[in-house]
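Coordinates in review
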Amino acid sequence: MGLEHALGDSFLTTQIDVAINWCRKNSLWPMPMGISCCAIEMMAFAGPRFDASRFGSEVFRFSPRQSDVMIVAGTTTYKMAKVVRKIYDQMPDPKWVIAMGACTSSGGMYRTYSVVQGIDQFLPVDLYVAGCPPRPDNLLNALILLQQKVQRGESRGNSPSYIGEAKFPPEADTPKGWRTSAPLAQNQPQPLPIIAG
Amino acid sequence: MRLWRRTSLNRCRLLQVSVNQKVIEQLKSRFGESNIEANEFRDELTVVVPKEIIVDVCRFLKDDSTLKFDLLADLCGIDMYTPAKRFGVIYNLYSLTSHHRIRLKTFVEEENPKLPTVSTVWATANWHERETYDMFGIIFEGHPDLRRMYLPDEFEHHPLRKDFPLMGIPGSLPLPKK
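If you're wondering where the values come from, they're calculated on a predicted model, not measured in any experiment. (Residues numbered from 1 in each chain as written. Chains lettered and ligands numbered in written order. Predicted model: local features only at pLDDT ≥ 70, side-chain atom pairs only at ≥ 80, totals over all residues. Heavy atoms only, no water.)

**Examining the overall build of chain B**
Scanning chain B from terminus to terminus reveals 3 helices and 7 strands. Element order for chain B, N to C, with α for helix and β for strand: α-β-β-α-β-β-β-β-α-β. Along the first, second and third principal axes, the C-alpha atoms of chain B reach 65 × 40 × 30 Å. For chain B, the proportion of its 178 residues judged to be buried stands at 42%. Sequence-distant contacts in chain B: of pairs separated by 6 or more residues, those separated by 24 or more amount to 51%. Positive and negative charge centroids in chain B, built from 26 and 25 side chains respectively, lie 8 Å apart. (Helix = DSSP H or I, 4+ residues; strand = E, 2+ residues; numbered from the N terminus. Buried < 20%, exposed > 50% of the residue type's maximum accessible area, 1.4 Å probe, protein only. Contact = heavy atoms within 4.5 Å. Lys, Arg positive; Asp, Glu negative; His and termini not counted. Charge placed at Lys NZ, Arg CZ, Asp CG, Glu CD.)

Here it is in structure tokens:
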């Protein structure tokens, strides 16, 4: 009906957000914040056996300015928390955070004065990965869930201007039984600006 | 094989015991009977000395041509949590030439946890003493660079003291804002 009919098979009309999110989700470049032993599993995740490049995330960037998603892999101490936050602040919007492993998510077995009991005390975490350490396939699963989130235009850490209402495909939703974080109060979805033309 | 091993172990044991006796004799003759409190358990020698002579004892043990304890294998602190002699410092010494070990101990009071540094004797004591200062708050006088080893410089407590709570003191280690 309408434009598609006039343009023929060579064109696809869609909302610009859906198209951009689709591009973003298939090249999520990770910032490997490998602090301790979970980093070994994160390397396996990028290696040939588990092969994160199947999902477009093989390009580990050691510069935060070139990365989209920070994988915090390891025990985060109070002393290290400042560094993690500084690197996160250097990443350009839109950005996401995966908390990999028990220590990062909740302090894990380090119930002690020096370890932050969950990095969500100072970072907006999008996904928590269970395990000590998680298997690389579990991290791959987190990446797939994150891709769905990116496609829906959700992020906990970004300014409201990024958050869109577009859903693609429209019926896609989080699989049941998976914990995802709700958007923060100040990050409630805003109506999309009307694109002229 | 077994016979050989047993013989060799026995020889080691005899050697260690004789060296222990030699160390005790030499220390007592040099620093006085009252200053040296020696204790042997399973052929391991522990010597407790007053903190005033700890540097002299260490230098003697290192430089004496028959003893030559030239490696400070470890230096650590201990909190006895008693009113008198609350904190202790333990020196584990090893001789690379004769392969013998001894353990030195010295204690300080809670009100005045200070003792002289041995980083002038073994350079490796520098970082060990920094760690002991970080964890117990024992001050090593004459240390070239007595800063904290692990915890942030602005932290005010000493976490391996027995009166420090396991989960820390809320607010003592600030987190970045969310």
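**A few points about the sheet that holds strand S1 (residues 37-41) of chain B**
Residues and elements named next belong to chain B. What the 5 strands build is an open sheet, ordered S1-S2-S5-S4-S3; its pairing is mixed. Both outer strands of the open sheet, S1 and strand S3 (71-79), are each paired with one neighbouring strand and no more. Looking at each pair of strands side by side, their axes are set apart by 20 degrees on average, direction ignored. Where S3 lies against strand S4 (residues 87-94), 8 bridges are found, and the strand directions are antiparallel. What sits directly across from Gly77, in S4, is Val89. Taken strand by strand, helix H2 (residues 54-63) contacts S4 and strand S5 (101-108), and its axis lies near 170 degrees from that of S5. The strands that helix H3 (residues 125-136) touches are S3 and S4; relative to S3, the one it contacts most, it runs at about 10 degrees. (Pairing = 2+ DSSP bridges. Axes fitted to C-alpha atoms, helices over the stretch in contact; angles between N-to-C directions.)

**Considerations on helix H2 (residues 16-25) of chain A**
All names here are of chain A. Along H2, the residues that are buried comprise Asp17, Val18, Asn21 and Lys25. All buried residues of H2 fall inside an arc of 95 degrees around its axis, so they share one side. Its buried side turned inward, H2 meets helix H6 (136-152). (Arc of directions from axis to C-beta.)

**Regarding the packing of H2(A) against H6(A)**
All names here are of chain A. Running from amino to carboxyl end, H2 crosses H6 at an angle of 160 degrees, the nearest separation of the two axes being 8 Å. As far as their axial angle goes, H6 and H2 are roughly antiparallel. In the crossing of H2 with H6, the sense of the turn from one axis to the other is right-handed. Contacts between H2 and H6 pair Val18, Asn21, Trp22, Arg24 and Lys25 from the former with Gln147, Val150, Gln151 and Arg152 from the latter. (Parallel < 35°, antiparallel > 145°, perpendicular 65-115°, else oblique. Left-handed = near helix turned anticlockwise from the far one by under 90°.)

**As for the packing of helix H3 (residues 38-46) of chain A against H6(A)**
Residue and element names in this part refer to chain A. Viewed as axis vectors pointing N to C, H3 and H6 meet at an angle of 70 degrees, and their least axial separation amounts to 8 Å. Classified by the angle their axes make, H3 and H6 are roughly perpendicular. Crossing geometry of H3 relative to H6 is assigned as right-handed. Only Pro136, Leu139, Leu140 and Leu143 of H6 make contact with H3, whose side of the interface consists of Glu41, Met42, Ala44 and Phe45. Among the residues forming the contact of H3 with H6, the class breakdown is 7 nonpolar, no polar and 1 charged. (Nonpolar A, V, L, I, M, F, W, Y, C, P; charged D, E, K, R; others polar.)

**A closer look at the interface of chain A and chain B**
On the side of chain B, 17 residues touch chain A, which itself brings 15 residues to the contact. Across the interface of chain A and chain B, roughly 1400 Å² is buried in total on both sides, 68% from carbon and sulfur atoms. Sorting the residues of chain A by area buried against chain B places Tyr78(A), Lys79(A) and Tyr113(A) first, and these three jointly supply 45% of that buried surface. Here Glu154(B) makes a salt bridge to Lys82(A), at a shortest N to O gap of 3.2 Å. Where chain A packs against chain B, one counts 3 residue pairs in polar contact (both at pLDDT 80 or more). Split into classes, the residues belonging to the side of chain A that touches chain B amount to 7 nonpolar, 3 polar and 5 charged. (Buried area = accessible area lost by both parts, 1.4 Å probe. Salt bridge = Lys/Arg side-chain N within 4 Å of Asp/Glu carboxyl O. Polar contact = N/O pair within 3.5 Å; in protein donor to acceptor, adjacent residues only side chain to side chain.)

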